[in-house]
Amino acid sequence: MNEQVAIPKRMNPETVQIEPAEAGVVDQPQFTNLEVDRSCRVAVMFFFFKAVVWLIIAAFIGFLASIKLHSPGFLAGVSWLTYGRLQAASFDLLAYGFATQAVFGMGLWMLARLGNVQLQGRRWILLGGMLWNLGVLAGLIGILAGHGRGYEWIEFPGYAIVFLALGYACVGVSALITFCYRTRTELFVSQWFLLAGLLWFPWIYSTAQLLLFIWPVRGVVQAVAHQWYVHNFFGIWLTAGGLAAIFYLLPKLLGRPLFSHGLAMLAFWVLAVFGTWGGVYPGSPMPKWLSSVSVVGNFMTAIALAAIATILFKTSLGYWREIRSWTVLRFLAVGAISFLVAKAMGIVGTFRSVSELTHLTTYADAIRHLELYGFIGMTFAGVVYYLVPKLSQVEWPSLGLIRFHFWAVVIGVALIFAGYLAGGLRLGAGINNPEISFLALGRSLIPFFGLVTLGLMLVGAGYLAMLINLVKICRIWAANFFSEEAPDQKTSAAGATV
Amino acid sequence: MNNGLIIFLGIFGALALSWYGMIVTPQMQIGGQEPVMVEQIGSRYPVPRPGLAWEGREIYRANGCYYCHTQQVRPPGFGGDTERGWGIRQTVAQDFLYETPLMLGSRRLGPDLANIGLRQPDVLWHLMRLYDPQVVAPRSTMPAYPYLFEKRPIGKAPSPNALPLDGAHAPEAGYEIVPRREAHALVAYLLSLKADVPLFEAPHPPSPEEEEEDSESPENASGENAQASL
């Protein structure tokens, strides 16, 4: 079995420095990795579990919705299960239930590890996590009950937002305090990204809430604020969380420093300064300069993308065999590739000539699904598969489930992506050709949405396999924890290294 | 790059810039937009929707209609929107002054609805379409919304509001399908969707005779006069 290939000595992740120490500076770590990990384990496991559970629910709801795209009569009589509500619920669960909590879990651990500090405010984080999940649950019920707010990706009703805001305050402030208490002073790229995300998410979220719902601004300014929010939610908040994990784990597991800190710095600042300007498409009913500015911002973001691609490529150059054979790295690699493809498509899609064909079609859905299930999903899975055995001192009970997870999600995401992309291009071409009747055009998209349904089914099954493995490992962990005789040497029957 | 505070301030500055540019500036530019007097129709535009249509927009929102329908017409020559007859001109900011939430939509799994009130002014057609799209548009991929309607036994006389359904779509004998208030409200909203008033920034395309006139007197081609000549 590939996964059981012994890890070469040069790659022992625990002995590897994340970056070359600066000349003359010798950091004496104040805490061992084990001590740091111990301090995070409850909070991190909490967010990991919740993220996986919400992802499975979101994939299932999205699966139901996608069936309605080719069989409109399916479950048609029930108001709670109508297409617009199901799709909204699926999107918002993915964004807030899954992706945001995945970033919470990965980010808290990375902030503690990189800062060589024990996680601060653990009780507050747990409290915040519970409030956040209550908010997501309330939001789900609200959307299905018809209280969705009319703006894609930010549809949770007001009563859910209260919980989310309080929850974020607890988690975000604890994360910042952890960052400030760090004992390793030099900063790694991942920390900049996490810091930017921590600051930017509450800012964009509160701006969107205030201007859309609390004191609604006039007319299309709402649409501008909304599109800016969505652009930044994906482009900064989720991108920051996912990239931080890839930039941290990839060099660490390969046992070599990240290629070129200068390039990483360039990518970061270009993303922060230019990547935040965007979201408005040509032809929208808004002042023209907004779409022009968006195009320029996106064009500049291409520089950051090229820098990130170079860094990832150069860092893994010569280590393809390790990446292919080590499960954690395979997950991270798929996450990184998904990120690059999705981002490149997003940049190209704002250009005038391309957006004439692709805007207002399912082209954007292809990108969003690739970002959520591919980039964040696979990166998150890589972190989970790497970290949980370290926290629990228990090996993964089933390697078969992990392999199944990998292939189910890779094939599933590819199907969803292909279905939405090909369907979107066909839809766009059809709309621009007035000879084709819209009814015929709609019918012709059905096979593409069939691919999406199939893909969502596979993705859901893949993450279900991950959840089963997580539950199993926690059972063994709990058993070890309570049997004091041999607390840390027990492994599961399969006893395998991923 | 090891000073947390400097990085923090740098991030703060970069993000503040984007917030100022993409949120504050548009708000200052068009956030105070007011209705304008349009001579061609002799009244101000836009006007708030009448009550039932206002209520209907909430039904439109609650059921996520904007997941499949847009309400924005792209400019002539950019995509096929106007050629498809989805609007005589593109939609502009002025069209949406009273919309909260503003459901422009982002994908067109169904046709654009910015001018549905002009394209299909028949109330009954819309009611039938909502009850079961297959009645008026066989093989449509739109879902049905039967929960906006009430199926009830026919009393002494059939209700005047009952849908005239026949064949496979009709309910069993002795029953009739009557729209609920939600269905009426939603249709009132759909009928109120009209973005056809000629505006300075979005005039109607000139008809052939006017084009000739314009070429004869060059000063007419300038903005204000072009509007007046329509």
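The structure under discussion appears in the preceding block.
Residues numbered from 1 in each chain as written. Chains lettered and ligands numbered in written order. Predicted model: local features only at pLDDT ≥ 70, side-chain atom pairs only at ≥ 80, totals over all residues. Heavy atoms only, no water.

Across the boundary between the two partners, chain B contributes 76 residues, which contact 88 residues of chain A. The largest per-residue losses of area from chain B upon contact with chain A belong to B:M22, B:Y67 and B:R84, which jointly make up 11% of the total buried on that side. For the pair chain B and chain A, the number of links is three salt bridges. Residue B:R107 is joined to A:E152 by a salt bridge in which the shortest nitrogen-to-oxygen separation is 2.9 Å. Among the secondary structure elements, those contributing two or more residues to the side of chain B that touches chain A are α1 (4-30) and α2 (51-62) of chain B. Here the element with the most residues in the side of chain B that touches chain A is α1(B); it accounts for 20 residues. Broken down by class, the residue content of the side of chain B that touches chain A amounts to 41 nonpolar, 25 polar and 10 charged. (Contact = heavy atoms within 4.5 Å. Buried area = accessible area lost by both parts, 1.4 Å probe. Salt bridge = Lys/Arg side-chain N within 4 Å of Asp/Glu carboxyl O. Helix = DSSP H or I, 4+ residues; strand = E, 2+ residues; numbered from the N terminus. Nonpolar A, V, L, I, M, F, W, Y, C, P; charged D, E, K, R; others polar.)

Attention now goes to the pairing of strand β4 (residues 175-179) of chain B. Residue and element names in this part refer to chain B. Of all five residues in β4, four are buried, a share of seventy percent or more. As paired elements, strand β3 (residues 149-153) and β4 share five bridges and run antiparallel to each other. Paired with F149 across the strands is P179, a residue of β4. (Buried < 20%, exposed > 50% of the residue type's maximum accessible area, 1.4 Å probe, protein only. Pairing = 2+ DSSP bridges.)

It is possible for side chains of opposite charge to pair when their charged atoms get near one another. Applying the stated criterion across every chain yields a total of 16 salt bridges over all chains. The closest approach of N and O atoms between A:R368 and A:E371, which form a salt bridge, is 3.0 Å. Residue A:R368 and its partner A:E371 are both found in helix α12 (residues 363-392); the two are separated by three residues, about one turn of the helix. When the shortest N-O distance is used, the salt bridge between B:E99 and B:R57 registers 3.1 Å. Taken together, the residues span a long stretch of sequence, with B:E99 in the loop between α2 and α3 (116-119) and B:R57 in helix α2 at a distance of 42 residues. Of the residues examined, B:E99 reaches a relative accessible area of 5% and is grouped as buried.

A complete count under the given rule lists 48 aromatic pairs over all chains for this structure. A centroid spacing of 6.1 Å and a plane angle of 65° characterise the contact between A:F104 and A:W237, whose relative ring orientation is edge-to-face. In this pair, A:F104 sits in helix α2 (residues 83-114) while A:W237 sits in helix α6 (residues 220-254), placing the two residues 133 residues apart along the sequence. Take A:W237: its relative accessible area is 3%, and that puts it in the buried class. Sitting above the plane of the B:F78 ring, A:R352 keeps its charged end 4.4 Å from the centroid. (Phe/Tyr/Trp six-rings, centres within 6.5 Å; stacked < 30°, edge-to-face > 60°. Lys NZ or Arg CZ within 6 Å of the ring centre and 35° of its normal.)

Here the focus is the packing of helix α1 (residues 33-70) of chain A against helix α15 (residues 446-482) of chain A. Residue and element names in this part refer to chain A. Two numbers describe how α1 lies on α15: the axes approach to 8 Å, and their chain directions differ by 155°. Viewed along their axes, α1 and α15 adopt a mutual orientation that is roughly antiparallel. Read as a crossing pair, α1 and α15 show a hand that is left-handed. Across the contact of α1 with α15, the residue classes break down as 24 nonpolar, six polar and one charged. (Axes fitted to C-alpha atoms, helices over the stretch in contact; angles between N-to-C directions. Parallel < 35°, antiparallel > 145°, perpendicular 65-115°, else oblique. Left-handed = near helix turned anticlockwise from the far one by under 90°.)

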